[in-house]
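Fold and contact review
Residue-level listing of the chains:
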Amino acid sequence: MVHMKCPNLAILGVIARVKRVMSKKRLCRSLMHLPKQLPSRKTFLFLVLAGAVLFVIGQAVFAGLNARDVFEKQGNDDILRLLTVRDFIAGQGWFDVVQYRVLPPEGMPLHWSRFIDVGIAAIVVPLSYLVPMSLAELLGAVIWPTLIQLIALGIVSFSTYRLFGPLAASLSAICLVLWPVTGGWHSAPGNIDHHNMQMLMMTTMAVCAVWPGRAVFAGVMGGLAAAFSLAVGLEAVPFVFGVGTIMLARVLLAQTAHARQLLIAFCAALALGSTLFWVLQTPPGLRAQPMCDRLSIPMLSVVWTAVIASIMPMLIWRADTAALPRLVATVALTGLGMVLAWSLLATCLAGPYGDLPQDMQDFIKEGVGEALPGINYFFRYPETTLLFLPALTLTPLLVGFTLLNNRRDDGMTQDQRTALLGLGFLSLIGFGMMLTQMRATTLSASIIPIVVGYVLANQLTQYLRTRDSLNALGGLLLAVIFISPSTLGMLVRPLLPEPQGLASGGASCRTYEAMQALNEVPPSVLVTHFNIAPTVLWATHHNTVSAGYHTSAAALTNSVTPYRLDAAPLRVYLSAVDAEYFLLCANAPYFGEFATALAAGEEEVDWLRRVPLSGDRQVLFEILRE
């Protein structure tokens, strides 16, 4: 019996192994025949959104546990914004936006909006009842950008879902939280200047401009977003112009009731909203004064001219009138309005820096990284540029290619074509502005996640339908560029030119801990480099006569010129400045050789007495006068 069972067991074993092999082959065949279309299920979008929300909140929690270390790495604008919020909470007036610790006692005027201060203060004040005020400030700096990012995530994902479907919405959400420009540079914990709010407003404007339904609601929301954007800062003026152009083009070409209602609602909300915000944030004594770096009479005259020129032709002619007469009328009314307002506009032709000395204008254009043209920024910071330049360059090209490729595709609706065309136009404006100033990356960045969501979803759907390896490779490359561009930077790093950054002076001694050594000296007024002036105000009890802001020519000059001069002219310069001390960062490179030598301890002069400090990162000199 034993001998008869053994052969049977062997046969059964062979059969089992054959079945396992066959099952593996069937598995392989099944993997090669995946569905040709991904299921458009809301569950997948919900899971992606839940992961994105947890990612954003997780970043905030981690930053909150290390709030001071995180915040000290932020830019000067973020730190100075925290100081303005601190002063506002302490009782500084609503219309009083002067930083009195710079150039005391008169102080340095700022052109920032109190509306941002109110939002941050609304977080800091309640927290101050639970934790010390210093910690409440830092936590507020973590929570504020996190809230803005979560709102942006909701707007981007919902609007993309409404326009292009759940798969596109899922990919747009991933792009928003992972692409460095939208997920890190302006939205990470600690970013409290105003760029994240500007991007949120521009995203809202863009979505409203291409929204397929509820024309009046979309127009009002878009107009109020545009008005608030102008109140916060004028960086988004080209974007507002682009949004208005899209709505006007829809009226002229489509000639639908929806397009007309959208434009009228947008114009009314923009004109009335910008006027209201201007009244609410501008001191009564300055409302008649033309100011070119903030919402004031010159910008309001442009807004009202554009609004009247856009609406008046619709009131004069019937809706079915040809587009050309109405376009000519709009252009003529715009020109007439500019002529009538020329006395106000002429003062702003030189730009926001026109009142500065020429050497300071040149310094801003050549020495401030975010003011550099995009191409110049690439040669100065090539690896950083790869995080945004390929995405900004490709977006309008991808939109154009997609529209041409799908011009006869019944799968794309007319609403989707209109939305994609409008978003592509806005991305083209952002690309052009980025070529003039790198800081304009925010214009395109505000709508890129929506465009990328659709393009990547379309690419993935085509691959699943055709199994074309080129589609797969193209989709993978696009995903790297728009979601993880740092990977691209690592791959091409050996081919990049060497960075050509100018000496900045101050990065090595800018930490809160390092600054504490300065508190060993009684409260005084310091001459500081522009890279560390706000940090000195935040971390020490000292005041300064220096700050890197164009609103005060004296403060800007004091933060740059002393660090360029040789010994003799520096002595003359410091003797005329109302300050007791001259501050440098130890061993930091500066624009001038003498300042660099002083920082390295290689020079001594009898009109500067070095002040001993317990720390070794600052070099502090008392200014001795005859």
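Structure shown above.
The paragraphs below set out a description of the structure included in this document.

Cut-offs applied
- Residues numbered from 1 in each chain as written.
- Predicted model: local features only at pLDDT ≥ 70, side-chain atom pairs only at ≥ 80, totals over all residues.
- Heavy atoms only, no water.
- Axes fitted to C-alpha atoms, helices over the stretch in contact; angles between N-to-C directions.
- Helix = DSSP H or I, 4+ residues; strand = E, 2+ residues; numbered from the N terminus.
- Parallel < 35°, antiparallel > 145°, perpendicular 65-115°, else oblique.
- Left-handed = near helix turned anticlockwise from the far one by under 90°.
- Contact = heavy atoms within 4.5 Å.
- Expected span 1.5 Å × (residues − 1).
- Buried < 20%, exposed > 50% of the residue type's maximum accessible area, 1.4 Å probe, protein only.
- Disulfide = S-S within 2.5 Å.
- Nonpolar A, V, L, I, M, F, W, Y, C, P; charged D, E, K, R; others polar.

Remark: helix α11 (residues 237-254) packs on helix α20 (residues 414-436), axes separated minimally by 10 Å, with the N-to-C direction vectors making an angle of 150°. It follows from the interaxial angle that α11 and α20 lie roughly antiparallel. As for how α11 packs across α20, the hand of that crossing is right-handed. When α11 is examined against α20, the residues Pro-238, Phe-239, Gly-242, Val-243, Thr-245, Ile-246 and Arg-250 are found in contact with a partner set consisting of Thr-418, Gly-422, Phe-425, Leu-426, Ile-429 and Met-433.

Right, let's get into α20. If you check α20, its first and last C-alpha atoms are 34 Å apart, about what 23 residues at 1.5 Å a residue would give, namely 33 Å. Taken as a whole, α20 has its buried residues at Gln-416, Arg-417, Ala-419, Leu-420, Gly-422, Leu-423, Gly-424, Leu-426, Ser-427, Ile-429, Gly-430 and Met-434.

Attention now moves to unusual backbone geometry. Residue Pro-104 is joined to Pro-105 through a cis peptide bond whose omega torsion reads 5°. A positive phi angle is found at Leu-103, which is not glycine, with a value near 55°. Secondary-structure assignment places Leu-103 in the loop between β1 (98-99) and β2 (108-109). Given a relative accessible area of 19%, Leu-103 falls into the buried group. At Arg-214, a position not held by glycine, the phi torsion is positive, near 50°. With respect to the helices and strands, Arg-214 occurs in the loop between α9 (195-209) and α10 (215-232). Judged by relative accessible area, which is 61%, Arg-214 ranks as exposed.

What follows covers the state of the cysteines. Evaluated as defined, the whole model comprises two disulfides. The residue that forms a disulfide with Cys-292 is Cys-348, at a sulfur-sulfur distance of 2.0 Å. Judged by the torsion about the S-S bond (-85°), the Cys-292/Cys-348 disulfide is left-handed. Of the two residues, Cys-292 sits in the loop between α12 (257-281) and α13 (297-316) while Cys-348 sits in the loop between α15 (342-345) and α16 (358-367), which places them 56 residues apart along the sequence. Residue class for Cys-292 comes out partly exposed when judged on its relative accessible area of 23%. Looking at the protein, its bonded cysteines, counted consecutively from the start of the sequence, adopt the pairing 1-2, 3-4.

On to the packing of helix α19 (residues 389-405) against helix α23 (residues 469-483). In contact at an axis separation of 9 Å, α19 and α23 are set at 130° when each is read in the N-to-C sense. Relative to α23, the element α19 lies oblique. For the element pair α19 and α23, the recorded crossing hand is left-handed. Residues Pro-390, Ala-391, Leu-394, Thr-395 and Leu-398 of α19 touch α23, and the partners they reach there are Leu-478, Ile-481 and Phe-482. For the contact of α19 with α23, the residue count by class is seven nonpolar, one polar and no charged.

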